[in-house]
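Residue-level structural notes
As a plain string of letters, each chain reads:
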Amino acid sequence: MGARPELPVGAVYTHDLQLRGFAISMARADELADAARRINQLGADGSLRPRAVEVLPLEAAADAHRRLEAGQVRGTRLVLRP
C-alpha cells in the first residue's frame, strides 16, 4: 500500500485519461460487488476494452521471448498455448 509507482503523467494529461482505483484488501463485500458490476457494465458497453492478445503455440516460446527482449511487443500480450 505504501508503493509509489511511476506514472506517465504526460500521457495521462495529453490524452485526457483518468485513473481510478481502490484498495481491494480493505473493501467490503458490497463494495467488491459494486466494482464487479461496474467492470461488467464497462465491458458490455465497450468502454473497457481488453488489450490485444496474440496466441502462439508453446513451440514459439523462444521466438516470443526474443521479441519481448528486443522490444518488438508493444500494447499486445503474448499468450503461449500448449
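Let me sum up the structure you'll find in this document. Remember, predicted model here, so these are calculated numbers, not experimental data. (Residues numbered from 1 in each chain as written. Predicted model: local features only at pLDDT ≥ 70, side-chain atom pairs only at ≥ 80, totals over all residues. Heavy atoms only, no water.)

Moving on to the pairing of strand β2 (residues 76-81). For strand β1 (residues 52-57) and β2, the ladder comprises 6 bridges, and the chain directions are parallel. Its bridge partner lying in β2, leucine 56 is registered against leucine 80. Assessed by its sense of winding, the connection that carries the chain from β1 through helix α3 (residues 61-69) to β2 is right-handed. (Pairing = 2+ DSSP bridges. Helix = DSSP H or I, 4+ residues; strand = E, 2+ residues; numbered from the N terminus. Right-handed = clockwise from strand over helix to strand, strands pointing away.)

Within the secondary structure, glutamate 59 sits in the loop between β1 and α3. Overall, the relative accessible area of 72% leaves glutamate 59 in the exposed class. Taking the C-alpha atoms as reference, glutamate 59 lies 35 Å from leucine 42; in sequence the two are 17 residues apart. (Buried < 20%, exposed > 50% of the residue type's maximum accessible area, 1.4 Å probe, protein only.)

The tally for this structure, following the rule as stated, stands at 4 salt bridges. The partner of aspartate 30 in a salt bridge is arginine 28, and the shortest N-O contact between them spans 3.0 Å. The residue arginine 37 makes a salt bridge to aspartate 34 at a minimum N-O spacing of 2.4 Å. Of this pair, arginine 37 and aspartate 34 both sit in helix α2 (residues 29-44), separated by 3 residues, roughly a single helical turn. Residue aspartate 34 is classed as partly exposed on the basis of its relative accessible area, which comes to 42%. Linked by salt bridges that have partners in common, Arg28, Asp30 and Glu31 make up one network. (Salt bridge = Lys/Arg side-chain N within 4 Å of Asp/Glu carboxyl O.)

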